[in-house]
Each structure stands twice: as structure tokens, then as C-alpha cells.
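Given next are the chains, with one letter for each unit.
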Amino acid sequence: MSGTALFTFLQDAAFYRSFHVAAADLMGTGNGRSWLDVGTGPGLLARLAAERGYRARGIDRSEKMIAAAERLAGKHAVRASFAATDIEAELASGRRYDVVSASSLAVVTTDPARTLVQLKALTAPGGRLLVIEASQKMTRWRAVKMLLTLRLGKRGYMLLLWAMARSGRALDTLLLVRTALRPARHSLLGGMVNAWVMEVTP
């Protein structure tokens, strides 16, 4: 299975969609405000933003991911735009957004601190930054326990695969503080995922 197909399959898992829905709900309704999802993959978070009334845009370096995101947006009749580009090019464009989000992105980059600074720079003054990452509680043991005690749907086993890939790799809260952000942490998926909401002051 290709990377694009794997991430598309994961985004359709009920547990994965549910905590992204909860994270998107933290941002409230858009009323036409702008939302940029960085590293959007097949576009789940961008679609959720559009469904909440934001002018949603998703970017990803992978053209195949963007093609999948556009196909899924059409399938779900969601108005969101997508572009195969990177965070550096987006910064160079001068565009800034009311909401900037990144899910499962920061800790897999070579320099998470720099990535956070870039995400903050893309956020308009007075806007908000939403960062979603697995927590230290994302372990194989907890994934197995959740699989045994909860009904996670036919793709629930993807939680175990995700935990195996991400176990021990969590975003350091100190990085957020050092970036001059004041993070408000929201615990999702039984504590295995954190959604950090940060206000970018004018």
C-alpha cells in the first residue's frame, strides 16, 4: 500500500476522524475566516474546517496527497482548496491566516522548533494556531487496551499500527513555550492525542 493510500485509509478510521472532529470543534465556526492546514495529506482537517464555515486551504509537498485531498473534497461535496507546495513557499507568498493547523507534522520534521516558528509566522495577528500530535500516552499497550475495550470500527486496528510508529515521539511542551506561544492543551482519544491551541497576539 502506498503512503497516500495508507494515510487515506487511516483518515477514514472512525477513531482518527473523531479526534480530528473534536479538535476542529475547538476552533468554533468560521464565518468566512481563513484556515490553512499544513501537511494536509488527504485533507481531512481542511475538509472539517470548510464544513465549519472557514475558507479552507490545505498544502502538502506531495502531489499525490493533494490529488487525493481534491478527490475526497469532491466526493464529500466540500469546498476547500489544495496546493502541492511547502511551508517555505507559503511564507514567501505573504499570505497569513486566521487559523493555521498542523496534525502529526511537527515531530516528524527534522527541526520541530523551526516548524513551530514557521507555523506561527503563517498565523495572522490575533489568529490561532492548532497543533495536533500524539502524546507520550500513545503506546502499543494503551492502543491494545483501547482496541479490547472500545468499539473502534473496522479500521480500529490502525490505532495499533499508528501507536507502533509513533510510540515515544511526542511534542515537547517546552518547544511551544520557547516559541513564545502560550499553549492550551486539550486531551483527546483517551489522552493519547493532544490538541494544542495557541493565540497569536497582535
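Residue positions are given per chain, counted from 1 along the sequence in the order it is written. Totals for whole chains, interfaces and linings use every residue, but because this is a predicted model, local features are given only for residues with pLDDT of at least 70 and side-chain atom pairs only at 80 or more, for both listing and counting. Hydrogens and water are ignored here; the side-chain numbers use all heavy atoms of the structure.

## Here we look at a positive patch on the surface
At step 1: What goes into a patch is any residue over 30% in relative accessible area without a salt bridge, connected to like charges within 9 Å or, for nonpolar side chains (Val, Leu, Ile, Met, Phe, Trp, Tyr), within 5 Å. Accessible surface is estimated by sampling points in the Shrake-Rupley manner with a 1.4 Å probe; for residues, cover comes only from the protein chains shown. For this document, the term salt bridge refers to a Lys or Arg side-chain nitrogen within 4 Å of an Asp or Glu carboxyl oxygen. The positive count covers Lys and Arg only, the negative count covers Asp and Glu only, and His and the chain ends enter neither. Here the site of a charge means atom NZ of a Lys, CZ of an Arg, CG of an Asp or CD of a Glu. Positive charge collects at one region of the surface, where Lys-137, Arg-142, Lys-145 and Arg-185 lie side by side.
At step 2: Among the secondary structure elements, Arg-142 is positioned in helix α7 (residues 140–149). By definition, any uninterrupted DSSP run of H or I lasting at least four residues is a helix, any uninterrupted run of E lasting at least two residues is a strand, and each is numbered from the N terminus.

## Brief notes about the pairing of strand β3 (residues 80–84)
As a general feature of sheets, a regular strand has side chains that alternate between the two faces.
At step 1: Any two strands between which DSSP finds at least two bridges are classified as paired. In this structure, strand β2 (residues 55–60) lies alongside β3, joined through five bridges in parallel fashion. For Asp-60, the partnering residue across the bridge sits in β3 and is Ala-84.

## Section: the packing of aromatic side chains
At step 1: Only the six-membered ring of Trp is used, alongside the rings of Phe and Tyr, when aromatic pairs are assigned; centres must lie within 6.5 Å, and planes under 30 degrees apart are stacked while those over 60 apart are edge-to-face, with the rest tilted. Taken as a whole and assessed by the stated rule, the structure comprises five aromatic pairs.
At step 2: Between Phe-19 and Trp-162, the aromatic rings sit 5.7 Å apart at their centres with planes inclined by 0 degrees, giving stacked as the arrangement. Here Phe-19 is found in helix α2 (residues 14–25), whereas its partner Trp-162 is found in helix α8 (residues 158–166), with 143 residues between them in sequence. One exposure class covers both Phe-19 and Trp-162, and it is buried.
At step 3: Pairwise contacts between aromatic rings join Phe-15, Tyr-16, Phe-19 and Trp-162 into one cluster. Using a 1.4 Å probe on the protein chains alone, a residue whose accessible area is under 20% of its type maximum counts as buried, one over 50% counts as exposed, and one in between counts as partly exposed.

## With respect to helix α4 (residues 63–75)
At step 1: Here α4 contains 13 residues, and its C-alpha end-to-end distance of 18 Å stays within 8% of the 18 Å for a straight helix at 1.5 Å per residue.
At step 2: Residues Met-65, Ile-66, Ala-68, Ala-69, Leu-72 and Ala-73 constitute the buried set of α4. Down the axis of α4, the sector holding all buried residues measures 160 degrees, keeping them to one side. Exposed positions of α4 whose direction lies more than 90 degrees from the buried face are Glu-63, Lys-64, Gly-74 and Lys-75.
At step 3: Throughout, a contact is declared for two residues whenever any of their heavy atoms are within 4.5 Å. For α4, the secondary structure elements touched by its buried residues are α1 (3–11), α3 (44–51), β2 and β3. How far a helix is expected to stretch is found by multiplying one less than its residue total by 1.5 Å. Of all possible arcs, the one meant is that of the directions from the helix axis to the C-beta atoms.

## So, the environment of Arg-128
At step 1: Mapped onto the elements of the fold, Arg-128 is located in strand β5 (residues 123–134).
At step 2: Residues within four places of Arg-128 in sequence aside, it is in contact with Leu-26, Met-27, Arg-33, Tyr-54, Asp-98, Val-99, Val-100, Thr-123, Val-197, Met-198 and Glu-199.
At step 3: Identification of polar contacts relies on pairs of N or O atoms within 3.5 Å, with a donor-acceptor requirement for protein atoms, meaning one able to donate a hydrogen and the other able to accept it, and with residues adjacent in sequence counted only if both atoms are side-chain atoms. A polar atom in the side chain of Arg-128 sits 2.6 Å from the backbone oxygen of Met-27.

## Describing the sheet that holds strand β7 (residues 193–199)
By way of backbone hydrogen bonds, the strands of a sheet pair with one another, either parallel or antiparallel.
At step 1: Across the sheet, seven strands lie side by side as β3-β2-β1-β4-β5-β7-β6; this open sheet has mixed pairing. Single-partner strands in this sheet number two, and they are β3 and β6 (184–188). The sheet shows a mean angle of 20 degrees between the axes of neighbouring strands, taken without regard to direction.
At step 2: Bridge analysis of β5 against β7 gives seven bridges, and the strand direction is antiparallel. Bridging from a neighbouring strand, Arg-128 pairs with Glu-199 of β7.
At step 3: Fitted lines through C-alpha atoms give the axes, limited to the stretch in contact for helices. The angle between two N-to-C directions lies from 0 to 180 degrees. Those strands touched by α2 are β1 (34–38), β4 (97–103), β5, β6 and β7, and its axis lies near 155 degrees from that of β5.

## Observations concerning a nonpolar patch on the surface
At step 1: A contiguous nonpolar patch, built from Tyr-157, Leu-161 and Met-164 and spanning about 300 Å² of accessible area, is present on the exposed surface.
At step 2: Along the chain, Met-164 turns up in helix α8.

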